[in-house]
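Remarks on the overall topology
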Amino acid sequence: MSGFIHCLLSFCILGCICYSSRAWHVEMPSNMKALLGSCLVIPCTYDYYQYPPHNPSRVVWYQYRDRGYPLVYDDWNPNKVIRKFHGRTFKVSISDAKQCSLQIYPVRWSDHREKIYPWVDPENVGRSTYRFFDKTVTIQVVERAEKPVITFTGNRKVGQTVTVMCTVYHTCRTFPPTLRLNIPTQGNKPTHYSRSDGTTETTLTATLNIKSDLQEVECTVSYTGGVTERASQTLKAECSFFPLTIQPTSQEFLEGQASKVTCTAEYTCPKHLPKFTWSYGGTTDSPEISKIGDAHWRAVSTLTLTTSANDNGRYLKCTAEFTRSQRQAVGIYLRVKRNMLSRGWSFNSPGSITGMRGSCIIIPCSFTYSTDRPTGLRVIWYLYQSSGYPPVFDASQSAVGEFRGITSLIGSVDGGNCSLKIERLDMSHNKDRLYPWVDKNPITSYHTVGHTFYDKTTQLIVSDHAQEPQLSMTEIPTVGEQSRVSCNVRHTCITAPPVLTLSGITGTDRTIDRLVSDGIWERKVERIWTVKEEDQSVNCTVRFHGGQEASSELRLHVECPHEAIKMVERPGNATEGVAQSVICFVSYKCKKNTPTIVWNYKDMQSSFDDKMISSDTYRAVSNLTFIGSLGDDGKSLTCTAKFYSGETSDSATIHVKQYERQAEEIDPHDTFHVLAADVPFRFTALTRSCVVIPCTFQYPEDTTSLIRGMWSKKTGGIIFHKGQSHVLDHFKGRTKMLGNLREGNCTLEIDNIKSFDNGPFCFHAERGNDKYRFNNSCVFIVMRASPATPVMTPVPTEVDAGSTITVSCSVTYTCSSHPPEFSWSVSNLTSKVTDTNTEQGIWERNSTITFMVTGRDGVHTLTCTATFWRGKQQASSVELSVKGSLMYQFRSSVPVTMPVSALVLIVIILAAVFGVVICRKRSSQKRSDDSLRPPRPEKRRSLWDRLSRRYPESSERPPRPEKRRSIWSRFSREEDGRIGWQNTRRSIWNRFSRRQDNTVNLSVGYVRHADNCHLQTSKPALPSPKENWKPPRPAKPKVSSAVVSGNDQM
């Protein structure tokens, strides 16, 4: 009984556990692959319908073990995570469901075959509620990633587009791999899709324009951690061929005249070059091949043919045969226009004529007889049909239904005119073919076997679309002048011509009608109007009687003329440095043609203004504040107005005189005390800069220091005063006393000099109620618009690269409180700037630099630029001709190349010395001993003559041996074998020395077995001053009885 109860209780407990465990469930894959070095995202979701957790966001991951719960991830206790997973696990959320997903990054080999599992809210959800460790995921670490998969969708034809998709499957959703294609992706971003097995599908999509039949597409995938895989696939596309076209398709060919027909083939693969053949035996040019677009090629074959009357109706066929047996053909039927001479008469009419629906049309026609024209002729027009002769016009019977009542003859039949007029063309008349019959006998009285009127029929082409009128002008329209524009359109109905309407401009019209060709008239409307600036375009609209309309537009592009510029206020007799106003103005048409007026003097202030003086006329005025210098006397002042269509100029001669000191006018009733001062009466200043006027004075012995010093204009008005309220507004904030009155220094600075700040300015002072004025205390400021030009010291015209040059640049200035700054166009090694007071108040700044010449050979410019206070600049330049840049580069590399170069040079010298020694040794063997040497000539021979085998013409040659020796034997040391030619080897000195031994020069010439002996002697040479020189020992040759030794002769 107790056993049964125990079993019952166990069963109940297990049932409760199973029931409670079904209240929860966890969804995640059981196995997942992880790429080494990348990340792994384990997707995990959970749900429940009982026993909800207290903290749903609390998820802990454990390592599966038989005992214990090793932590893999715990955001509450991160330090308790086992070392293996410490710092590499993170909770992620990849959907809106209840999440328990985990990320491991980076993946290591130690993660392989690990089993882990999640636990939701482990503090409140116990194992009795759900056995989380029964649902584990096993990690499989792989070293090599999966290759991407490339797929193509679309029409695989060259010239078309296909969709390229590169797909890769991975387990790192949070850090997906990067996909790259070797084709443009147009900025497309990859898409990501989660799969049911826990992996993520990442796809990059691009559109590929197929440009060849074989095109390689490569996809590269880069995973987190640096692993990269590639896959490539060749896209095989089909080449396309467009239908052949032939031109012209409907032109009438003139009998006996050469015409051209073109056949055009278009294809997508350049390797499929077509071969053209024609069914007509004319002249065929080589095909013209051209590329007209991406994967689009064109081949054009031109046939030149001369048609005859028998070619009418013949089918002209063009065949293009491509590679791989691709073949296309197209053709046209030839229509040959000819003069028909049959049955004694012929007529001429156009092959086709075009008219507008609702309008009339006149088919021009003329006929001639080969014999005398019969009387009583009548003209009948027929509608061409394969059988029968339905009349279109016949004075004796009614016309066929669609032409009834709307046809009539134009002109006189007696004059050979058979023209037909058709009123109110209808679309039902389109492509009808008409032909005349001019004979006193009816057409039915002639048989038609072997003859047809088809080749002489006139085809009616009825159009419902109006032709655009043509707008034209004979000249470019000019604003303010009259111009003419014409609009014309061609038509076929002179009795009811179309209506032309011009718009966009206002003027007077004139209508002109003229015959252009048979059956074609032209209506022209001319409009004369006065051109305005706002005239942009003219529109012409044509309206036919059938209601059709068409229009065209002509852009006018009107011209805007201008007059010559005039200088209305010319410079008079100016004083140096005194500004005066010079005004130029120019009248012009069009506001958009506003000119730019420039002057030939820079750094001078000018203003510009333009205004309208009439409805379409404007005037531009430029006012120049001209400041002349003595150097400008006799020069020209030029103003130039520059328009977009040209320019115009006017000039005036400048007359500048020097400023003369004016006598001071002293009021005899003034109470001023008079003292002496030293102030220059004339001083130069640069406009917009500053000027420092030197001023000194001396106190009398009985005078104490002055309290207040002032500067004022001679004409009245204070320009400097300690109290700014006393200063003229024009000078406020611009004047400053630099000197110390207690030291007798009254120097004044005027900043931001204006063009009219000439003065004269005078210094005076006060002490209490006493006022003082000074003799020679007034100064006149001569304005200069441009600063002085820097002066550079001379430099060599030619310099070597790498050399060092010292150059100075100096410039004068009168603003000592703000001296100019120098800048150079080269980098300097040293730089020094000095200032020198050259004369009263005039300073000279000198900049001296030392620089090294670098750069390539050629002419280089050295520029010195002086920048004055408030920005004005002046520069001076000289040209340097640099040479030897390659040698400079060589010298720079000498420390590296010198050892190698020295070694090579030593080897060359040794080889040369060795070669000279060998040559001298060999040449000494060829000489005879002293007893056999030829006599020395009276004139001493040069070193070259001594080394040469040639003898001067004036000297007597020694007798030539019987047999001439070879080149080798001449240089060989072996004895010749001929008697008397053995030589004693001489030293190097003896070979080159002019000294001879004390023996007489003896020359013996002979041949073997000769009976005669020729002997020549000469006086011995003077002894050499060298004391230790000894004559060489004479050789003892083996001679026959005919030989006489030199010693015996002595």
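Residues numbered from 1 in each chain as written. Predicted model: local features only at pLDDT ≥ 70, side-chain atom pairs only at ≥ 80, totals over all residues. Heavy atoms only, no water.

1. Considerations on the overall build of the chain
From N to C terminus, the chain includes seven helices and 73 strands. Going through the 1050 residues of the chain one by one, you find that 41% of them count as buried. Sequence-distant contacts, at least 24 apart, represent 65% of the contacts inside the chain between residues at least 6 apart. Carbon and sulfur atoms make up 50% of the accessible area of the chain, which amounts to about 58500 Å² in all. (Helix = DSSP H or I, 4+ residues; strand = E, 2+ residues; numbered from the N terminus. Buried < 20%, exposed > 50% of the residue type's maximum accessible area, 1.4 Å probe, protein only. Contact = heavy atoms within 4.5 Å. Areas by Shrake-Rupley, 256 points an atom, 1.4 Å probe, with all protein chains shown as cover.)

2. Structural notes on the sheet that holds strand E65 (residues 798-800)
Each strand in a sheet pairs with another by means of backbone hydrogen bonds, the pair being arranged parallel or else antiparallel. Taken together, the four strands give an open sheet; going across it, the order is E65-E71-E70-E67, and neighbouring strands pair in mixed fashion. Two strands lie at the open edges of the sheet, namely E65 and strand E67 (821-824), each paired on one side alone. Each adjacent strand pair in this sheet contributes to an overall mean axis angle of 35 degrees, direction not counted. Bridging between E67 and strand E70 (residues 858-867) involves four bridges; their strand directions are antiparallel. Looking across to E70, one finds that Phe822 is bridged to Ala866. (Pairing = 2+ DSSP bridges. Axes fitted to C-alpha atoms, helices over the stretch in contact; angles between N-to-C directions.)

3. Details of the sheet that holds strand E14 (residues 191-194)
Strand order in the open sheet formed by four strands is E11-E12-E15-E14, and the pairing between neighbours is antiparallel. A single partner strand is all that each edge strand has here, and the edge strands are strand E11 (149-154) and E14. On average, each strand axis in the sheet is tilted by 25 degrees relative to the strand beside it, whichever way the strands run. Sheet analysis places E14 next to strand E15 (residues 200-209), joined by four bridges and oriented antiparallel. In the strand pairing of E15, His192 is matched with Thr202.

4. Regarding the pattern of salt bridges
Going through the model one piece at a time under the given rule, you end up with 32 salt bridges. Note that Lys421 and Glu423 form a salt bridge whose closest N and O atoms lie 2.7 Å from each other. Classification of Lys421 as buried rests on a relative accessible area of 9%. Using a relative accessible area of 27% as the deciding quantity, one classes Glu423 as partly exposed. Notably, a salt bridge pairs Arg708 with Glu766, separated by 2.8 Å at the nearest N-O pair. Placement of the pair is Arg708 in strand E58 (residues 708-713) and Glu766 in strand E62 (residues 761-767), with a sequence separation of 58 residues. (Salt bridge = Lys/Arg side-chain N within 4 Å of Asp/Glu carboxyl O.)

5. Examining the side chain of Thr865
Structurally, Thr865 is set in strand E70. You can call Thr865 buried: its relative accessible area is 15%. Ignoring anything within four residues of it in the chain, the contact list for Thr865 reads Glu821, Phe822, Ser823, Gln873, Gln874 and Ala875.

6. A look at the side chain of His721
Locating His721 in the fold gives a position in the loop between strand E59 (718-720) and strand E60 (735-737). Looking at His721, its side chain comes within polar contact range of the main-chain nitrogen of Gly723, at 2.8 Å. For His721, the contacting residues outside a window of four places in its chain are Arg708, Met710, His726 and Val727. (Polar contact = N/O pair within 3.5 Å; in protein donor to acceptor, adjacent residues only side chain to side chain.)

7. Some details on the nonpolar core
Ranked by size, the top nonpolar core spans 34 residues in total, and within it Trp24, Leu40, Trp61, Ile116 and Phe132 carry the most contacts. For this core, the secondary-structure elements that each account for two or more residues are strand E1 (24-27), strand E2 (31-35), strand E3 (40-42), strand E5 (59-63), strand E6 (71-73), strand E8 (102-104), strand E9 (115-120) and strand E10 (137-142). Contacts of Trp24, omitting those with residues within four sequence positions, involve Tyr46, Asp47, Tyr48, Gln50, Tyr51, Pro52, Pro53, Val120, Val125, Thr129, Tyr130 and Phe132. One finds Ile353, Trp381, Phe393 and Ile422 within the second-largest nonpolar core, a separate group that totals 31 residues. (Core = buried A, V, L, I, M, F, W, Y, C linked by side-chain atoms within 4.5 Å.)

8. Here's the deal with unusual backbone geometry
Going from Gln247 to Pro248, the amide bond is cis rather than trans, its omega being -5 degrees. Relative to the elements of secondary structure, Pro248 occurs in the loop between strand E18 (245-247) and strand E19 (252-254). Put simply, Gly759 and Pro760 share a cis peptide bond, and its omega is 0 degrees. Looking at the secondary structure, you find Pro760 in the loop between strand E61 (748-750) and E62. One non-glycine residue, Asp121, lies in positive phi territory at about 50 degrees. As for its position among the elements, Asp121 is in the loop between E9 and E10. Here Asp121 falls in the buried class, since its relative accessible area comes to 1%. Non-glycine residue Cys590 carries a positive phi angle of around 80 degrees. Of note, Cys590 is situated in the loop between strand E47 (579-589) and strand E48 (596-599).

9. Looking at the confidence of the model for the chain
Confidence in the prediction of the chain, expressed as mean pLDDT, is 80, and 80% of residues score 70 or more. Across the chain, the element-wise mean pLDDT spans from 36 in helix H7 (residues 1046-1049) up to 94 in strand E43 (residues 537-543). When the criterion is pLDDT under 50, residues 338-342 qualifies, and its contacts beyond four places in sequence or with other chains add up to 13 contacts. Scored below 50 in pLDDT, residues 970-984 makes 51 contacts in the model with residues more than four places away or belonging to other chains. (pLDDT = per-residue confidence, 0-100.)

10. Focus on the packing of aromatic side chains
Using the criterion set out here, one finds 30 aromatic pairs in the structure. Judged by centre distance (5.7 Å) and plane angle (35 degrees), the rings of Tyr105 and Phe175 are tilted. Residue Tyr105 is found in the loop between E8 and E9, and its partner Phe175 is found in the loop between strand E12 (161-170) and strand E13 (178-181); the two are separated by 70 residues along the sequence. With 6.1 Å between their ring centres and 70 degrees between their planes, Tyr382 and Tyr389 make a pair best called edge-to-face. Through a chain of ring-to-ring contacts, three or more aromatic side chains come together here, namely Trp24, Tyr46, Tyr48, Tyr62, Tyr64, Tyr69, Tyr117, Trp119, Tyr130, Phe132 and Phe133. Cation over ring: Lys456 sits above Phe347, and NZ or CZ is 5.5 Å from the ring centre. (Phe/Tyr/Trp six-rings, centres within 6.5 Å; stacked < 30°, edge-to-face > 60°. Lys NZ or Arg CZ within 6 Å of the ring centre and 35° of its normal.)

11. Section: a nonpolar patch on the surface
A contiguous nonpolar surface patch, about 260 Å² in accessible area, is contributed by Phe90, Tyr105 and Phe175. Considering the arrangement of structural elements, one finds Phe90 in strand E7 (residues 89-91). Look at Phe90 and you get partly exposed, because its relative accessible area is 37%. (Patch = residues over 30% accessible without salt bridge, like charges linked within 9 Å, V, L, I, M, F, W, Y side chains within 5 Å.)

12. Let's talk about the pairing of strand E20 (residues 258-267)
Counting buried residues in E20 gives seven out of 10 residues, a clear majority hidden from the surface. Bridge count for E18 against E20 is three bridges, and the pairing is antiparallel. Note on E20: the bridge partner recorded for Ile246 is Cys263. In terms of strand pairing, E20 meets strand E24 (residues 296-306) through 10 bridges, oriented antiparallel. Following the sheet pairing, Thr264 is matched in E24 by Val300.

13. As for the environment of Val217
Counting through the fold element by element, Val217 comes out in strand E16 (residues 214-222). Given a relative accessible area of 0%, Val217 falls into the buried group. C-alpha of Val217 to C-alpha of Ala231: the two residues are 14 residues apart in sequence and 8.5 Å apart in space. Among residues more than four places away in sequence, those in contact with Val217 are Ile150, Phe152, Val164, Leu181, Asn182, Leu208, Ala231, Ser232 and Gln233.

14. Some details on the environment of Ser881
Along the chain, Ser881 turns up in strand E71 (residues 873-883). Ser881 sits in the partly exposed class, given a relative accessible area of 23%. Between the C-alpha atom of Ser881 and that of Ala801, which follows or precedes it by 80 residues, the distance is 9.6 Å. Residues within four places of Ser881 in sequence aside, it is in contact with Thr797, Glu798, Val799, Gly858 and Val859.

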